[in-house]
Every structure is written in structure tokens, then in C-alpha cells.
Amino acid sequence: MVQEKLRVAIVGSTGYGGVELIRLLQAHPHVEITSVISSSSAGVPISEGFPHLTHIIERNLDGVEPADIAAVADVVFTATPSGVSAKLVPQLLAAGLKVVDLSGDFRLKDGSVYEAWYKHPAPDSEWLAKAVYGLSEVFGSEVTGQSFISNPGCYPTATLLGLIPALSAGWIDPKTLIIDAKSGVSGAGRGTSLTTHYAEINENFKAYKVNKHQHIPEIEQVLSQVSGAPVTVTFTTHLVPMTRGIMSTMYASLLGTYTEDDLIELYRQYYEGRRFVRIRDKGVWPATKEVSGSNYCDIGFSVDARTNRVTFISVIDNVVKGAAGQAIQNLNLMMGWEESLGLTFTPVYP
Ligand SMILES: NC(=O)C1=CN([C@@H]2O[C@H](COP(=O)(O)OP(=O)(O)OC[C@H]3O[C@@H](n4cnc5c(N)ncnc54)[C@H](OP(=O)(O)O)[C@@H]3O)[C@@H](O)[C@H]2O)C=CC1
Ligand SMILES: CC(=O)N[C@@H](CCC(=O)OP(=O)(O)O)C(=O)O
């Protein structure tokens, strides 16, 4: 039987997340892109702004009109800034579309926490309650059959996949979590700013939003959920002069005597059957280039017997596993398809 293709639209097609969705979805076997959408460039061929898409997707950008999107698509990805998704997503859902939202607007269940960190009004609590948090390897079974997925943040994806197995097994002390995370510049989106322009970032390495990053409450919400008690973390983000990639280096005190071999076994069991999480062998730590352009999250460990602390190192490509790739993984799970459909490509190396 020939599988009928699912019709998919992308709002925010002119941003890094949207363009990556186009790259990945045009190779997905069960999907057809029926609309690429922009609030600023409707009517313009997408290949005009993105010549790398010439002959790959020859279509004009459409405007943001929920009824028009619902007329041509079954599912819409919203790769839009926070604040924009908060208003747009309820309209798309009301128009009968399934939605995978890439922004931070629907990840936090408590609107007052959202407002404290994101500094603008939260969506109505009704929508926050409806959104299913799509950390695929942990909550994938909750995604199947749903119609509204909130895709996790890039830093939370690397961090949570690195910490959850040890935390939920009770092997690490939740009061001792320190997370030191670094991102390539594409994590800041395509818009230009003084922080990300070449002369400011090239041959530079800087911390930003220290103890103020909007991903802190997202990480704490999920860690609290899996450990069954409130968890707080120390979280520092850094900008690295590279285009793609996140490395999250995490430290915790062990609650018992566990070796690297124990951790490797625990993690391989936890992620058994989940092809996108790869646990490194003893003494081998992952690098961002080893996942670049792919949907993998690679994790390695070091146990320090002197301090009884463990160091976790987790890497992802922020635009793929941290955004568009995991969003497609969630689409696959929503639809009841094999989660890796359209995502089985090898990382780009070197
Ligand atoms: N970059 C990354 O690594 C990650 C990003 N995210 C999140 O994904 C979302 C997209 O990020 P990213 O692609 O990097 O951001 P960009 O800044 O690169 O792109 C944002 C897109 O949103 C569109 N947009 C802006 N305002 C509106 C509006 N009012 N209505 C409709 N569309 C609008 C813009 O296009 P136009 O002006 O043409 O409409 C643009 O294409 C953000 O919420 C971001 O936080 C999450 C994880 C990782
Ligand atoms: C390098 C860089 O600037 N990264 C961005 C990631 C933003 C993001 O993805 O935001 P949401 O997940 O909240 O939508 C940042 O640190 O704010």
C-alpha cells in the first residue's frame, strides 16, 4: 500500500530552525511540505533568500494566516520567537492543525514562572496544560497520538538527556547539580545583534545570562518531575565561536560508590532501543563535531574517586537534536511512525 503523504507547513521558514526543518523534511519519506511561511517576506521565492534551496524547494513564501495554513496542511511547525508562538499557536490549534512548537512558550507549566524568566505574558493556562513536552527519549510515549507538542530547548535537551538516568536511579545528589553549557552562535537565531556579530564572537569565548537563563526553570521543572522533589541547579551558558553545537558539562556528587562502568551500563540500559542517544565507552568523551548536522546526543562520563563526584559530558547539534531534528522525531512519535524516520543520516565530519 502506498502511504499517503502528510501535508506539513512551517512558520518561521526564514529562520535557522525553519530552514533546518526544510532541509530535513524534504527528505522525509512520509511528508510533503505544502507551505513555507514568513511574516515579513510573503510572495518572495524562498530560494531568493536561501540560494542553497534552489531546485530543492521552489516555492514562494506564504503569509501567516491560520485558515489558509489549515487549508493546505495537516501539521504545522512553529519555529517562531517566544511571544510570537504564544499568540499564534492557539489560533493554529483552533483552526484544526496539529502543532509542534519550537519556542519556549509552552514548555513551562506554570505561567507565573514563564513570566518571571521570559519577561512577557504567558499563554493561557489552558494551552500550557494541553502542551505535551517532547523530550523524545524520556516522554516519547506521552507524545504518541497527541496533537500539540512543545519541543524542548536546545540546552535542556543536552542537559536533561545527560542527567535524567542517574538522577532517576538515585545515584546523584540533586542538591549538588552544576551545569556548564556552551553553544555555537546559530543558537541565537538568524537575526543580527552586537553579541553575535563576527568581530565580537570570533576568537572570543564568553559567559552570558549567568544564573538568569530562561532554560533554568525548564531544566528544573523536568528534573523535579523525574526525581519527585523540587530540584534547583546552577547553570552557566557560554557562547563559543563556532556555528553549530552544544556541549553541556555537568557535575554532581555521587550518592554511593559507582564506577564509570556502572554509569555506562545504567545509561545504555535506560536508552536501550533509542538510537539517537549514544553512550561513549569508558574514558572517551564526546565532541560537538561528532554529532554535527545529526540528531544524535552523545554522552560520556568521568568519576573522580577523590571527590566522589561525577562529570557528565553531553553534546548535540543545537539546530538538529536541539530544535528541528527533535521536532521531526516528535512528529514521528505523534503519528505513531518509527521515531527515526527521515533522521537516520550520519553526522557531518570533519
Ligand atoms: N536556533 C536554535 O538553535 C534553537 C532555536 N529554538 C527556538 O526556535 C524558535 C526559532 O528559532 P530560530 O530559527 O533560531 O530563530 P530565527 O530568529 O532564526 O528565526 C525566527 C523566525 O521567526 C519568524 N517570525 C518573526 N516574527 C514573526 C511573527 N510575528 N509571525 C510569524 N513569524 C515570525 C521570522 O521570520 P519572518 O520575519 O520572515 O516571519 C524568522 O524566520 C525560537 O523560539 C528559538 O528560541 C529552540 C531550540 C534551538
Ligand atoms: C546561543 C544562544 O543565544 N542561544 C539561545 C538559545 C535560545 C533558545 O533556543 O530559546 P528557547 O529555547 O527559549 O526558545 C539563548 O541562550 O537564549
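Quantities reported herein were computed from a predicted structural model and do not represent experimental measurements.

A.B. asks: Requested: an account of the overall build of the chain, with residues and values cited.
C.D. replies: Looking only at helices and strands, one finds twelve helices and 13 strands in the chain. By the compact-globule yardstick of 20 Å for 350 residues, the chain fits well, its C-alpha radius of gyration being 20 Å. Principal-axis analysis of the C-alpha atoms gives the chain an extent of 65 × 45 × 45 Å. Burial analysis of the chain (350 residues in total) assigns 45% to the buried set.

A.B. asks: Pulling in residues and values, what's your account of the pairing of strand E12 (residues 297–304)?
C.D. replies: Pairing between strand E11 (residues 277–279) and E12: three bridges, direction parallel. Counterpart to Val277 in the pairing with E12 is Cys297. The sheet contact formed by E12 and strand E13 (residues 309–316) spans seven bridges and is antiparallel. Counted as the bridge partner of Asp304 is Arg309 from E13.

A.B. asks: For the domain arrangement of the chain, give the residues involved together with the corresponding values.
C.D. replies: Interfaces are frequently sized by the accessible area removed from exposure as the parts join. According to the domain assignment, the chain contains domain 1 (6–130) and domain 2 (155–317). Between domain 1 and domain 2, the C-alpha centre-to-centre distance is 27 Å. Facing the nine residues of domain 1 at the interface are seven residues of domain 2. The element that contributes the greatest number of residues to the side of domain 1 that touches domain 2 is helix H5 (residues 111–118), accounting for three residues.

A.B. asks: Kindly report on the packing of helix H8 (residues 154–168) against helix H10 (residues 215–227), identifying the contributing residues and their values.
C.D. replies: Between H8 and H10, the shortest axis-to-axis distance is 10 Å and the interhelical angle comes to 25 degrees. Regarding the angle of H8 to H10, the classification is roughly parallel. Two packed elements cross with a definite hand, and for H8 against H10 that hand is right-handed. Two secondary-structure elements touch here, H8 through Tyr155, Pro156, Thr159, Leu160, Leu163, Ile164, Leu167 and Ser168 and H10 through His215, Glu218, Ile219, Val222, Leu223, Val226 and Ser227. Looking at the contact of H8 with H10 residue by residue, the class counts come to ten nonpolar, four polar and one charged.

A.B. asks: I'd like to hear about the UniProt feature "active site" (unreviewed entry) in the chain, residue by residue, with values.
C.D. replies: The UniProt feature table records "active site" (unreviewed entry) at Cys154. Secondary-structure assignment places Cys154 in helix H8. Ignoring sequence-local partners within four residues, the contact set of Cys154 consists of Ser183, Gly187, Ile246, Asn318, Gly322 and Ala323.

A.B. asks: Please set out the environment of Gly245 residue by residue, giving values where relevant.
C.D. replies: With respect to the helices and strands, the residue Gly245 is situated in the loop between strand E9 (234–239) and strand E10 (246–253). The exposure class assigned to Gly245 is buried, which follows from the 27 C-beta atoms found within 10 Å. When near neighbours in sequence (up to four residues on either side) are disregarded, Gly245 contacts Gly184, Thr288, Ser292, Val315, Asp317 and Asn318.

A.B. asks: Give a description of the site of ligand 1 that names residues and reports values.
C.D. replies: As a matter of local geometry, ligand 1 sits amid 31 residues, with Gly15, Gly17, Ser39, Ser103 and Gly189 nearest to it. For the shell around ligand 1, the elements supplying multiple residues, two or more each, are helix H1 (16–25) and helix H12 (320–335). Top element by residues in the shell around ligand 1 is H1. It accounts for three residues. Partitioned by chemical class, the residues of the shell around ligand 1 number ten nonpolar, 20 polar and one charged. Here the shell around ligand 1 spans two domains, and each of domain 1 (6–130) and domain 2 (155–317) adds at least three residues to it.

A.B. asks: Account for the UniProt feature "domain: Semialdehyde dehydrogenase NAD-binding" (unreviewed entry) in the chain, naming residues and giving values.
C.D. replies: On the UniProt side, "domain: Semialdehyde dehydrogenase NAD-binding" (unreviewed entry) is annotated at positions that read residues 7–146 here. End C-alpha to end C-alpha, residues 7–146 measures 17 Å, and it is 39% helix and 16% strand.

A.B. asks: Give a description of the packing of H1 against H12 that names residues and reports values.
C.D. replies: Relative orientation of the contacting elements H1 and H12 amounts to 45 degrees, with a least axis distance of 9 Å. It follows from the interaxial angle that H1 and H12 lie oblique. Crossing of H1 against H12: the hand is right-handed. Residues Gly17, Glu20, Leu21, Leu24 and Leu25 of H1 lie in contact with H12, whose contacting residues are Val320, Ala323, Ala324, Gly325, Ala327 and Ile328. Considering only residue class, the contact of H1 with H12 consists of eight nonpolar, two polar and one charged.

A.B. asks: Please provide a residue-by-residue account of the site of ligand 2, values included.
C.D. replies: As a structural note, the neighbourhood of ligand 2 is formed by Ser82, Ser103, Gly104, Gly153, Cys154, Ser183, Gly187, Ala188, Gln214, Thr237 and Leu239. When the residues that make up the shell around ligand 2 are grouped by side-chain class, the tally is three nonpolar, eight polar and no charged. Shared between two domains, the shell around ligand 2 takes at least three residues from each, and those domains are domain 1 (6–130) and domain 2 (155–317).

A.B. asks: Give a description of the sheet that holds strand E5 (residues 132–133) that names residues and reports values.
C.D. replies: Across the sheet, six strands lie side by side as E2-E1-E3-E4-E6-E5; this open sheet has parallel pairing. On the outer flanks of this sheet lie strand E2 (31–37) and E5, each paired with one strand and no other. As paired elements, strand E1 (residues 6–11) and E2 share six bridges and run parallel to each other. Directly across from Leu6, in E2, lies its bridge partner Val31. This element, H12, spans E1, strand E3 (75–78), strand E4 (98–101) and strand E6 (148–150) of the sheet and lies at about 150 degrees to E4.

Procedures and definitions
- Residues numbered from 1 in each chain as written.
- Chains lettered and ligands numbered in written order.
- Predicted model: local features only at pLDDT ≥ 70, side-chain atom pairs only at ≥ 80, totals over all residues.
- Helix = DSSP H or I, 4+ residues; strand = E, 2+ residues; numbered from the N terminus.
- Rg over C-alpha atoms; globule rule 2.2 N^0.38 Å.
- Buried ≥ 20, exposed ≤ 12 C-beta atoms within 10 Å, placed from the backbone.
- Pairing = 2+ DSSP bridges.
- Domains from an automatic or database assignment.
- Contact = placed C-beta atoms within 7 Å.
- Axes fitted to C-alpha atoms, helices over the stretch in contact; angles between N-to-C directions.
- Parallel < 35°, antiparallel > 145°, perpendicular 65-115°, else oblique.
- Left-handed = near helix turned anticlockwise from the far one by under 90°.
- Nonpolar A, V, L, I, M, F, W, Y, C, P; charged D, E, K, R; others polar.
- UniProt positions renumbered as here; feature names shortened; annotations may be inferred.
- Near = placed C-beta within 6 Å.

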